[in-house]
Amino acid sequence: MQEEKEFIKQLLNPKTQNQAFQKLLSDYQKPLYHHIRTILINHDDTDDVLQNTFIKIFQNLKNFKGESKLFSWMYRIATNESLTFLNQKAKKGGTTSEAVQNKAIDNLEADVDFDGDEMQIAFQRAIATLPEKQQLVFKMKYFEELKYEQISEILGTSVGALKASYHHAVKKIELIVTTG
């Protein structure tokens, strides 16, 4: 924790800020990309939201109070940016965020960065039917292998509620995938 406080000081100090932010980028760009990609599915949208996420992190670092880990705080920003993006894209298209996600899933087969098969697309469709919170919990636990404590810090939800959400999500996905 002391190491993280020192790193935050470097990020806030104009003399060390550039070098510290480069380290932040190198340490977190891939995990945050993956996190955002699990929410948005589309590579280009993910790149846009990742860029916005780092801008928000940089702009709001002075407001970081250290009540959670830097990792959790950044993931919360990435999650919020992703959900906002989905909702804005849906609003512009006169549709729902679920429809936006389904369209992204439809486009997965043409995505050069996606190497899955029909079963994985069916899996993505099943996940897309879940309520937003269950989707987030499932994706963070299943794809990113985050611990419930980390997800709790990111989403501001109790560990018990997260375990219940994950359990319900798994049951729904199993039902959808097995019944076709």
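Residues numbered from 1 in each chain as written. Predicted model: local features only at pLDDT ≥ 70, side-chain atom pairs only at ≥ 80, totals over all residues. Heavy atoms only, no water.

K.L.:
Help me get a handle on the nonpolar core, residues and values and all.
P.N.:
General note: in soluble globular proteins, nonpolar side chains tend to be found buried as a group. Core analysis: the largest hydrophobic core is formed by 47 residues, its most contacted members being Leu24, Leu32, Phe54, Ile57 and Leu70. Of all the elements in the fold, those that place two or more residues in this core are α1 (2–12), α2 (17–40), α3 (43–60), α4 (70–92), α6 (118–128), α7 (132–142), α8 (148–155) and α9 (159–179). For this core, the leading source of residues is α4, giving 11 residues. Counting six residues, the second largest nonpolar core, distinct from the first, contains Ile105, Leu108, Ile121 and Ala128. (Core = buried A, V, L, I, M, F, W, Y, C linked by side-chain atoms within 4.5 Å. Buried < 20%, exposed > 50% of the residue type's maximum accessible area, 1.4 Å probe, protein only. Helix = DSSP H or I, 4+ residues; strand = E, 2+ residues; numbered from the N terminus.)

K.L.:
Go over α1 with me, naming the residues and quoting the values.
P.N.:
Every buried residue of α1 is accounted for by Glu4, Phe7, Ile8 and Leu11. One side of α1 holds all its buried residues, which, seen down the axis, span an arc of 100°. Seen from the buried face of α1, the exposed residues on the opposite side, beyond 90 degrees, are Gln2 and Lys9. If you follow the buried residues of α1, they end up packed against α2 and α4. (Arc of directions from axis to C-beta. Contact = heavy atoms within 4.5 Å.)

K.L.:
Provide a residue-level description of the UniProt feature "domain: RNA polymerase sigma factor 70 region 4 type" (unreviewed entry) in the protein, including the pertinent values.
P.N.:
The sites that carry the UniProt feature "domain: RNA polymerase sigma factor 70 region 4 type" (unreviewed entry) are, in the present numbering, residues 122–173. Secondary structure over residues 122–173 splits into 79% helix and 0% strand, and the C-alpha atoms at its two ends are 10 Å apart. (UniProt positions renumbered as here; feature names shortened; annotations may be inferred.)

K.L.:
Before we move on, could you go through the packing of aromatic side chains and cite the residues and values that matter?
P.N.:
In this structure the tally under the stated criterion is 12 aromatic pairs. Aromatic side chains phenylalanine 123 and phenylalanine 138 sit 5.9 Å apart centroid to centroid with 75° between the ring planes, which places their arrangement in the edge-to-face category. With a gap of 15 residues between them, phenylalanine 123 in helix α6 and phenylalanine 138 in helix α7 connect regions that are remote in the sequence. When its relative accessible area of 2% is taken as the criterion, phenylalanine 138 is described as buried. Their ring planes at 80° and their centres at 6.4 Å tell us that tyrosine 148 and tyrosine 166 sit as a pair that is edge-to-face. Taken as a pair, tyrosine 148 in helix α8 and tyrosine 166 in helix α9 lie far apart in primary sequence, 18 residues in all. By way of ring pairs, the aromatic residues Phe123, Phe138, Tyr142, Phe143, Tyr148 and Tyr166 are connected into one cluster. (Phe/Tyr/Trp six-rings, centres within 6.5 Å; stacked < 30°, edge-to-face > 60°.)

K.L.:
So what about the packing of α4 against helix α5 (residues 97–106)? Which residues, and what values?
P.N.:
A pair of packed helices is captured by two measures, namely the crossing angle of their axes and the spacing between those axes. Two elements in contact, α4 and α5, have axes whose closest approach is 8 Å; the angle formed by their N-to-C orientations is 95°. The orientation of α4 with respect to α5, classified from their angle, is roughly perpendicular. On the side of α4, the interface is formed by Leu86, Asn87, Lys89 and Ala90, while α5 contributes Ser97, Val100 and Gln101. Split into classes, the residues belonging to the contact of α4 with α5 amount to three nonpolar, three polar and one charged. (Axes fitted to C-alpha atoms, helices over the stretch in contact; angles between N-to-C directions. Parallel < 35°, antiparallel > 145°, perpendicular 65-115°, else oblique. Nonpolar A, V, L, I, M, F, W, Y, C, P; charged D, E, K, R; others polar.)

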